[in-house]
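Reading the structure
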Amino acid sequence: QKEVEQNSGPLSVPEGAIASLNCTYSDRGSQSFFWYRQYSGKSPELIMFIYSNGDKEDGRFTAQLNKASQYVSLLIRDSQPSDSATYLCAVNNGGGFKTIFGAGTRLFVKA
Amino acid sequence: EAGVAQSPRYKIIEKRQSVAFWCNPISGHATLYWYQQILGQGPKLLIQFQNNGVVDDSQLPKDRFSAERLKGVDSTLKIQPAKLEDSAVYLCASSRQGGNQPQHFGDGTRLSIL
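One structure accompanies this document, and this report is about it. (Residues numbered from 1 in each chain as written. Chains lettered and ligands numbered in written order. Predicted model: local features only at pLDDT ≥ 70, side-chain atom pairs only at ≥ 80, totals over all residues. Heavy atoms only, no water.)

**A short note on the overall build of chain B**
Rule in force here: The secondary structure listing takes helices from DSSP runs of H or I that are at least 4 residues long and strands from runs of E that are at least 2 residues long, numbered from the N terminus. Atoms considered for the radius of gyration are the C-alpha atoms alone. The globule rule reads 2.2 Å times the number of residues to the power 0.38. Note on exposure labels: buried denotes an accessible area under 20% of the residue type's maximum, exposed denotes more than 50%, and partly exposed covers the range between, all computed with a 1.4 Å probe on protein chains only. Residue contacts are counted whenever heavy atoms from the two residues lie within 4.5 Å of one another. Only the protein chains shown count as cover for residues, with accessible areas throughout obtained via the Shrake-Rupley method and a probe of 1.4 Å. A positive count includes Lys and Arg, and a negative count includes Asp and Glu. His and the chain ends are not counted in either. Throughout, a charge is located at the NZ atom of Lys, the CZ atom of Arg, the CG atom of Asp or the CD atom of Glu.
Regarding its fold elements, chain B presents zero helices and 11 strands. Ordering the α and β elements of chain B from the N terminus gives β-β-β-β-β-β-β-β-β-β-β. For 114 residues, the compact-globule estimate of 2.2 N^0.38 gives 13 Å, and chain B sits close to it at 13 Å. Referenced to the eigenvectors of the C-alpha coordinate spread, the extents of chain B come out at roughly 40 × 25 × 25 Å. Burial statistics for chain B: of 114 residues in total, 47% are counted as buried. A fraction of 54% describes how many contacts in chain B between residues 6 or more apart in sequence connect residues 24 or more apart. Summing over all exposed atoms, chain B offers an accessible surface of approximately 5600 Å²; the carbon and sulfur share of this is 47%. Charged side chains in chain B number 13 positive and 10 negative. The centres of these two groups are separated by 3 Å.

**Observations regarding the interface of chain A and chain B**
Stated precisely, the cut-off is as follows: Summed over both partners, the accessible area lost on bringing two parts together, with a 1.4 Å probe, is the buried area. Salt bridges are defined as contacts in which a side-chain nitrogen from Lys or Arg sits within 4 Å of a carboxyl oxygen from Asp or Glu.
Of the residues lining the interface, 19 residues belong to chain A; the matching set on chain B comes to 23 residues. Between chain A and chain B lies a buried interface of about 1500 Å² when both sides are counted; carbon and sulfur atoms form 53% of it. Of all residues in chain A, the largest losses of buried area upon contact with chain B belong to Ser 43, Phe 97 and Phe 101 of chain A, amounting jointly to 32% of the total for that side. Where chain A meets chain B, there are zero salt bridges.

**Concerning the sheet that holds strand β1 (residues 4-5) of chain A**
All names here are of chain A. Cut-off, in case you're wondering: Here, strands pair whenever DSSP counts at least two bridges between them.
Pairing is antiparallel in the open sheet, where five strands are placed in the order β1-β3-β8-β7-β6. Single-partner strands in this sheet number two, and they are β1 and β6 (56-58). In the sheet, β1 pairs with strand β3 (residues 19-25) via two bridges, with the strands oriented antiparallel. Among the inter-strand pairings, Val 4 is bridged to a residue of β3, identified as Tyr 25.

**A look at the state of the cysteines**
Residues and elements named next belong to chain A. Rule in force here: Sulfur atoms of two cysteines make up a disulfide when they are within 2.5 Å.
In the structure shown here, the tally under the stated rule is two disulfides over all chains. Each disulfide pairs two cysteine sulfurs, and for Cys 23 the partner residue is Cys 89, the sulfurs being separated by 2.1 Å. Taking the sign of the S-S torsion, -70° for the link of Cys 23 and Cys 89, the bridge is left-handed. A residue pair is termed long-range when its members are at least 10 positions apart, and Cys 23 in strand β3 and Cys 89 in strand β9 (residues 85-92) qualify at 66 residues.

**Some points on the environment of Gly 104 of chain A**
All names here are of chain A. Among the structural elements, Gly 104 can be located in the loop between β10 (99-101) and β11 (105-110). Linking Gly 104 and Leu 21, residues 83 residues apart in sequence, is a C-alpha distance of 9.6 Å. Beyond its immediate sequence surroundings of up to four residues, Gly 104 is in contact with Gln 6, Asn 7, Ser 8, Thr 86, Tyr 87 and Leu 88.

**Looking at the sheet that holds strand β1 (residues 5-7) of chain B**
Residues and elements named next belong to chain B. In plain terms, the rule: A fitted line through C-alpha atoms serves as each axis, taken over the contacting stretch for helices, and the angle formed by two N-to-C directions is quoted from 0 to 180°.
Overall, antiparallel pairing links the four strands, which are arranged β1-β3-β8-β7 in an open sheet. Strands at the two margins of the open sheet, each flanked by one partner only, are β1 and β7 (65-68). Averaged over all pairs of adjacent strands, the angle between strand axes in this sheet comes to 15°, irrespective of strand direction. Two strands pair when backbone bridges link them, and β7 and strand β8 (residues 75-79) are joined in this way by four bridges, in the antiparallel orientation. Note that in β8 the partner of Ser 66 across the bridge is Lys 78.

Quick look at the structure:
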């Protein structure tokens, strides 16, 4: 079992819809969760991060944690074609020093 | 605030040659990371520094890869000799002290091995 798993996609949604991206992790002691956006040919860009104490909303983006089921979600409301990219989930393990990246989910927003 | 600086942006070499990459982190960031990203995959950690000490180099192919972070600021990653499978993007990232802090990435170096 991989430590951080994401569906590779592509996930295709129409413009204006909600895109829901999920990420599962294996280390139950994980405490920090990060979402990065990576456009083709570019480096990852931090979108938002949450700690194990709660969810977070930032503009059109919401990150939610389900500790019992060991997954973290990123919701993108009012999806735009400019949101089309690969979304990487990263999880910091309970020990604090090691962050593992998933392989990413490709999102395609149709105009 | 200046971002993470990396150079060069692109490099093409032949197999068995050597290559070096340079990274300057965001000012004040104690932790520096080198990643290898192969097309279609997530970043794979090669080495993580806390100040000038190594925290994790478990996935660094030490027979050919080396890295240093003298004085706890900028860092270099070297490959010698290069193999065809080293073709990838090499990303440098930095964060405030502690692995639970968000990482900020440089633009990366795209390495092609002929």
